[in-house]
Amino acid sequence: MLDAKIPQEVPLDNKWTYYKGHCKLVNPANKRRLEVIVVGTGLAGASAAAALGELGYQVKAFCFQDSPRRAHSIAAQGGINAAKNYQNDGDSVFRLFYDTIKGGDYRAREANVHRLAEVSTNIIDQCVAQGVPFAREYGGLLSNRSFGGTQVQRTFYAAGQTGQQLLIGAYQAMERQVALGNVKMYSRHEMLDVVMIDGKARGIICRNLVTGKLERFFGHAVLLCTGGYGNVFYLSTNAMGCNVTAIWKAHKKGAWFGNPCFTQIHPTCIPVTGDHQSKLTLMSESLRNDGRIWVPKKQGDNRKPNEIPEEERDYYLERRYPAFGNLVPRDVASRAAKERCDAGYGVGTSKQAVYLDYADAIKRYGKIEAGKQAMENADEATIILLGKEVVKEKYGNLFDMYEKITGENPYEVPMRIYPAVHYTMGGLWVDYELMTTVPGLYCLGEANFSDHGANRLGASALMQGLADGYFVIPYTMGNYMSAEIRTKAISTDHPAFEETEKAVADRINQLMNIKGKQTVESFHKRLGKIMWNKCGMARNAEGLKQAISEIQQLKKDFWSDLRIPGEINEMNPELDKAGRVADFIELGELMCMDALQRNESCGGHFREESQTPEGEADRKDDEFAYVSSWEFKGENQWELHKEELKFEVAKPSKRSYK
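Predicted, not measured: the structure shown is a model, and the values here were computed from it.

### Topic: the sheet that holds strand 17 (residues 441–443)
On the basis of which strands lie adjacent, the open sheet formed by 5 strands has the order 5-2-1-9-17 and parallel pairing. Of all the strands in the sheet, the pair left with one neighbour each is strand 5 (183–186) and strand 17. Adjacent strand axes in the sheet meet at a mean angle of 20 degrees, parallel and antiparallel pairs treated alike. Pairing analysis gives 4 bridges linking strand 1 (residues 35–39) to strand 9 (residues 221–224), with the strands arranged parallel. When the bridges of strand 9 are listed, V36 appears paired with A221.

Spelled out as structure tokens, the structure:
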């Protein structure tokens, strides 16, 4: 039943070129008569709105923030990958494709990943033309650095704020189309349902978050670009507003959900300090480019890090994975940190942390600078001073952020880090054209499942978001929209709009009328603890079964004892959050079901029953080389469909970084 619409007639490296040469087109005059809804204005949404507006489509763009510039894409720090081979170190489109497939533990669709690698080079040119201030070498050429899971330098960056700079570029491109009248922007609007007419997505129902009023919007097609659902764990590196609601509503209207259990745990986060926290802070993976990760060799060592001599330090990633060292992929680094802490080698007051140390990098850079300045006999203090200036130039804002949060100076003492939920590889199932199982409903960026398999390599999220928006959807929409040029705009008085709005209003009234005693936040925290403890960095069958039962009980408690202050027809953030948490609870159950049926370890999905004697993930290609795609059948009921993954070029092999 699942047709990925991948061109079959040609080899892998020519599929995208073949597709572009044979897909249907819509002429400019007809584009002006077609309306497109874009939900979400982060990198994927803003780039899609800008590109489609420039093509001539009439675009309506929606975000629940007060400005598109508040989208969570702004929080991305380390960089964006592209196969430019500027360093002449052996990179290529094939190498980027292969690293991504391998990094995702052979659970991604080859054709989508190869297309991503192909268009990566265009993304950098596009962003430079927009004025994105990428870091540059002394001679003016764009600079690159390394990220996990690779042995080349292909990551372009703008200090530690790459996401912010890329988002401003996409935002400016979109705002230009707003000024030209091709895009109409609706901020402070949250999509609460998809309107279906004759089996096609034809619009959305939104709640105006300022007035509380429900509003109807028509579109010949709907694009969901609403990011990931990591906040199902409560504590994550995501902004607190990030949610699953848009794609979950689409899921319940017929869009199948792909690989929901594939969650990425990022190894380089500031550790949890207590129950008072509402989110966690990411320290960019780029810090692993120069920093060294270690723990004491002695269990329970309470000495300060600078008091522990070199011979008593265990640089465990360098020891276990000599070929990649500190730049192993995120899932591998995260599990290794957990293993060391669980074994009693953790540091800090919680003992749930490891050190990320820049002392060697500072000295190395200091010696290089001293050489540049012909300082032949520079003393150690001078070398350290010079080295700190280089590190400050490359990573300064990240170091400043760490010091503000922890009160510790990372130039003087090692940072303390521990894994945390960061990204979700799962999302709505989409075909090669980025269309879901609902005709006319597309899904872009982190909100879909398509490009990262069971684990995302660092600096690939920004690449996928911009690839989908700028370079994929403008082509693939033509196949669908070319058949819609005779479809006139449907009035929002249509019965389907009325029925969908009534269903949304009824649910809001149901939430408000529970009038129990517990807060939305308390339910979210309870859900997060269940998910982290039983569907987090490690999962097992018994724990997952318990989690499903506990989530079902949590859902009953939620719908019987929730209290929401305020009124419906006003600005009411608690009501907004209540709807999102209700969706998270349902999603949490599906995630645990998906994790339970996938009895293998791959990428970020580590089943304790499936591991090698060395504690590495034990993948089972003969049983689980498929995308698990779930169809919603009713409350607590889903049907599993499998898209078989076929590997023509990157044949699955043991994933080793040793």
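### Looking at the state of the cysteines
All chains considered together, the criterion is met by 0 disulfides. C535 provides the cysteine sulfur closest to C261, a residue in no disulfide bond, and the two sulfurs are 6.5 Å apart. Using a relative accessible area of 0% as the deciding quantity, one classes C261 as buried.

### Details of the packing of helix 3 (residues 43–55) against helix 12 (residues 461–481)
Where helix 3 contacts helix 12, the two axes come as close as 8 Å, and the packing angle between them is 30 degrees. Between helix 3 and helix 12, the angle falls in the class roughly parallel. Relative to helix 12, the crossing made by helix 3 is right-handed. Packed against helix 3, whose contacting residues are L43, A44, S47, A48, A51, L52 and L55, the element helix 12 presents L462, G465, L466, G469, Y470, I473, P474 and M477 at the interface.

### Considering the packing of aromatic side chains
One pass over the structure, following the stated rule, counts 27 aromatic pairs. Aromatic side chains Y442 and Y480 sit 6.4 Å apart centroid to centroid with 80 degrees between the ring planes, which places their arrangement in the edge-to-face category. On the criterion of sequence distance, the pair formed by Y442 in strand 17 and Y480 in helix 12 is long-range, its members being 38 residues apart. Summarising the burial analysis for this pair, Y442 and Y480 share the class buried. Residues F523 and F558 carry aromatic rings whose centres are separated by 5.3 Å and whose planes lie at 75 degrees to one another, so their mutual orientation is edge-to-face. Here F558 lies in helix 15 (residues 541–561) and F523 lies in helix 14 (residues 520–535), a separation of 35 residues in the sequence. Each member of the pair, F523 as well as F558, carries the same accessibility label: buried. Among the aromatic side chains, those forming a connected cluster through ring pairs are Y229, W248, F257, F632 and W638. In this structure, R364 is placed above the aromatic ring of Y365, and the distance from its NZ or CZ to the ring centre is 5.0 Å.

### A closer look at the sheet that holds strand 6 (residues 189–197)
The 3 strands are arranged 6-7-8 in an open sheet whose pairing can be described as antiparallel. Whereas interior strands pair on both sides, the edge strands pair on one side only; in this sheet they are strand 6 and strand 8 (214–218). The sheet shows a mean angle of 30 degrees between the axes of neighbouring strands, direction not considered. In this structure, strand 6 lies alongside strand 7 (residues 200–208), joined through 8 bridges in antiparallel fashion. In the sheet register, M196 faces strand 7, and the bridge partner there is A201.

Rules used in this analysis
- Residues numbered from 1 in each chain as written.
- Predicted model: local features only at pLDDT ≥ 70, side-chain atom pairs only at ≥ 80, totals over all residues.
- Heavy atoms only, no water.
- Pairing = 2+ DSSP bridges.
- Helix = DSSP H or I, 4+ residues; strand = E, 2+ residues; numbered from the N terminus.
- Axes fitted to C-alpha atoms, helices over the stretch in contact; angles between N-to-C directions.
- Disulfide = S-S within 2.5 Å.
- Buried < 20%, exposed > 50% of the residue type's maximum accessible area, 1.4 Å probe, protein only.
- Parallel < 35°, antiparallel > 145°, perpendicular 65-115°, else oblique.
- Left-handed = near helix turned anticlockwise from the far one by under 90°.
- Contact = heavy atoms within 4.5 Å.
- Phe/Tyr/Trp six-rings, centres within 6.5 Å; stacked < 30°, edge-to-face > 60°.
- Lys NZ or Arg CZ within 6 Å of the ring centre and 35° of its normal.

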